[in-house]
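Fold and geometry: a report
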Amino acid sequence: MELKRWLTALSLIPVLILVIGIGSEFIFFGLVLTTTAIAISEFYSIVLPTDHKKEKILGVLLGLLLACGIYSGEGVFVSCISTFIILFLFIFYLILNRRLKDMKTTLAKLIMGIFYIGLLFPHLSLIRGMHFGKQWVFFVLVVTCM
């Protein structure tokens, strides 16, 4: 199992270096969106039971919506999307279950995945757009891997 992870990492590292170093901002953001979707899905695989497929799909989609709002660079837009996500999830659970008390832990885990991964990880695309942004992204990835 560990050999498989090493081989995957060794095959994807050159692609990652090329996308960060040479690729356009749009291609890098596509990579960030893909990675965000995978990370949110993995988070939900760990914290949510397997019978919550609707919630997992909804969480990934709302996390990607939040990531797109961050990429726009407008703070007011991100605030509006965040408010929409929270209100939508509360209404979604009220309509589905009628008993929010029973679903509070699932709702908390769903919101945590959206905002922990969907809010923080897409900031890499904003960092890349800064002065010396490519170097900062490489620095963040190297420090994280260490």
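Just above sits the structure.
Residues numbered from 1 in each chain as written. Predicted model: local features only at pLDDT ≥ 70, side-chain atom pairs only at ≥ 80, totals over all residues. Heavy atoms only, no water.

Thoughts on the packing of helix α1 (residues 2-21) against helix α2 (residues 25-47)
Where α1 contacts α2, the axes come no closer than 8 Å and their chain directions differ by 135°. Accordingly, the angle class assigned to the pair α1 and α2 is oblique. Packed against α1, whose contacting residues are L16, V19 and I20, the element α2 presents I27, F28 and L31 at the interface. Split by residue class, the contact of α1 with α2 holds 6 nonpolar, no polar and no charged. (Axes fitted to C-alpha atoms, helices over the stretch in contact; angles between N-to-C directions. Helix = DSSP H or I, 4+ residues; strand = E, 2+ residues; numbered from the N terminus. Parallel < 35°, antiparallel > 145°, perpendicular 65-115°, else oblique. Contact = heavy atoms within 4.5 Å. Nonpolar A, V, L, I, M, F, W, Y, C, P; charged D, E, K, R; others polar.)

Looking at the side chain of E55
Mapped onto the fold, E55 is located in helix α3 (residues 53-72). Put simply, E55 is tucked away with no salt bridge, and the nearest opposite charge, on K54, sits 7.2 Å away. Each residue touching E55, except ones within four places of it in the same chain, is listed here: Y93, M103 and L110. (Buried < 20%, exposed > 50% of the residue type's maximum accessible area, 1.4 Å probe, protein only. Lys, Arg positive; Asp, Glu negative; His and termini not counted. Salt bridge = Lys/Arg side-chain N within 4 Å of Asp/Glu carboxyl O.)

A short note on α3
When the terminal C-alpha atoms of α3 are compared, their 29 Å separation across 20 residues agrees well with the 28 Å that a helix rising 1.5 Å per residue should span. Where α3 is concerned, the buried positions are E55, K56, L58, G59, V60, L62, G63, L66, A67, G69 and I70. Of the residues flanking the end of α3, it is G73, one or two places downstream, whose phi is positive at about 85°. (Expected span 1.5 Å × (residues − 1).)

What about the nonpolar core?
A general trend in soluble globular proteins is that nonpolar side chains are found buried together. One finds Y44, L66, I85, L89, L110 and I114 to be the most contacted residues of the largest nonpolar core, which totals 22 residues. Mapped by element, the contributors of at least two residues to this core are α2, α3, α4 (75-97) and α5 (104-120). In terms of residue count, α5 provides more of this core than any other element does, 6 residues in total. Residue contacts for I85: discarding those within four places in its chain leaves L62, L66, I114 and F115. (Core = buried A, V, L, I, M, F, W, Y, C linked by side-chain atoms within 4.5 Å.)

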